[in-house]
Amino acid sequence: MSEQVGKTLAGKGVVITGAGRGIGRAIALGYARAGASVCCAARTESEIQETVGEVRAEGGTAVAFQADVRQQEAVQALFDFAEAELSGIDIAVLNAGVNLDRGPVEGGDPAAWEETIRTNLLGAYYCARAAIPAMKRRGGGKIITIGSGMGHRGIAESSAYSCSKAGLWMLTRVLAQELREHNISVNELIPGPVRTDIVSKLHFEGEWFKSPEDVVPMALFLATQPDIGPTAQSYSLMRRDT
């Protein structure tokens, strides 16, 4: 592991969904470099094994668990596995997301709309619900949701994604109120446009188009705050107001 990176997350157990590529993979590597033990989850086994292989090649600690966040039983199995393998869960990064319905509401595909909501919102709900008992057993923790500026202001012809992220932002704030007394903070990280499959066909004039690695410093900032520190907050890397 790089000697330049402080071990600010040493001893922390982390679950990251959507860790097979893009932002999730970058955060997994960044957290491992900071000393965390990371459980990488995604639907595609080969992708999370690649992430785990990269972490281990740098001397870090990581395990893989194939899970579809749309399935509640699979999510519960993921967090049970992670708690056992990592000797506890301190941080959960709810990153798994899709944008399957791109077009006007009138001519859109209801099935794709539903799948987007199911993955981005229900999936995050299942993950948070499974993470909470484990964090209570640790005496505190952090849930970090990966939001979007589209969830704050919306974009035409992207209703499913915008609505799913708006719901996720509300879930973030409600969870923060419910969990404050348990020393569990819940915050949203808005990466803004990142070069991933989700935003490849969208246009963001005047925005900073970043790499997944550009999101890692903010993810590390949130992960290293006190458990009783900021909560119910949205942290954005966008140039424009969210």
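Quick note: structure is the one above.
Residues numbered from 1 in each chain as written. Predicted model: local features only at pLDDT ≥ 70, side-chain atom pairs only at ≥ 80, totals over all residues. Heavy atoms only, no water.

## As for the overall build of the protein
So, step 1. Counting its regular elements, the protein contains seven helices and seven strands.
So, step 2. In the protein, the succession of α and β elements from N to C terminus is β-α-β-α-β-α-β-α-β-α-α-β-α-β.
So, step 3. Here the protein has a C-alpha radius of gyration of 17 Å; the compact-globule value for 242 residues is 18 Å, and the two agree.
So, step 4. Dimensions along the principal axes, computed over C-alpha positions, put the protein at roughly 50 × 35 × 35 Å.
So, step 5. Counting over 242 residues, the protein shows a buried share of 52%.
So, step 6. Within the protein, contacts between residues at least 6 apart in sequence are counted, and of these 71% link residues at least 24 apart.
So, step 7. For the protein, the computed accessible surface area is about 10700 Å², with 49% contributed by carbon and sulfur atoms.
So, step 8. Looking at charge distribution, the protein has the averaged site of its 24 positive side-chain charges lying 3 Å from that of its 28 negative ones. (Helix = DSSP H or I, 4+ residues; strand = E, 2+ residues; numbered from the N terminus. Rg over C-alpha atoms; globule rule 2.2 N^0.38 Å. Buried < 20%, exposed > 50% of the residue type's maximum accessible area, 1.4 Å probe, protein only. Contact = heavy atoms within 4.5 Å. Areas by Shrake-Rupley, 256 points an atom, 1.4 Å probe, with all protein chains shown as cover. Lys, Arg positive; Asp, Glu negative; His and termini not counted. Charge placed at Lys NZ, Arg CZ, Asp CG, Glu CD.)

## Notes on the packing of aromatic side chains
So, step 1. All told, the structure shown has three aromatic pairs when counted by the stated rule.
So, step 2. Ring centres 5.0 Å apart and planes at 35° place the aromatic pair F65 and F81 in the tilted group. Of this pair, F65 sits in strand β3 (residues 61-66) while F81 sits in helix α3 (residues 72-86), placing them 16 residues apart in sequence.
So, step 3. Relative to Y126, the ring of Y125 lies with its centre 5.6 Å away and its plane at 50°, an arrangement referred to as tilted.
So, step 4. Looking at Y125, the relative accessible area reads 38%, which means it is partly exposed. (Phe/Tyr/Trp six-rings, centres within 6.5 Å; stacked < 30°, edge-to-face > 60°.)

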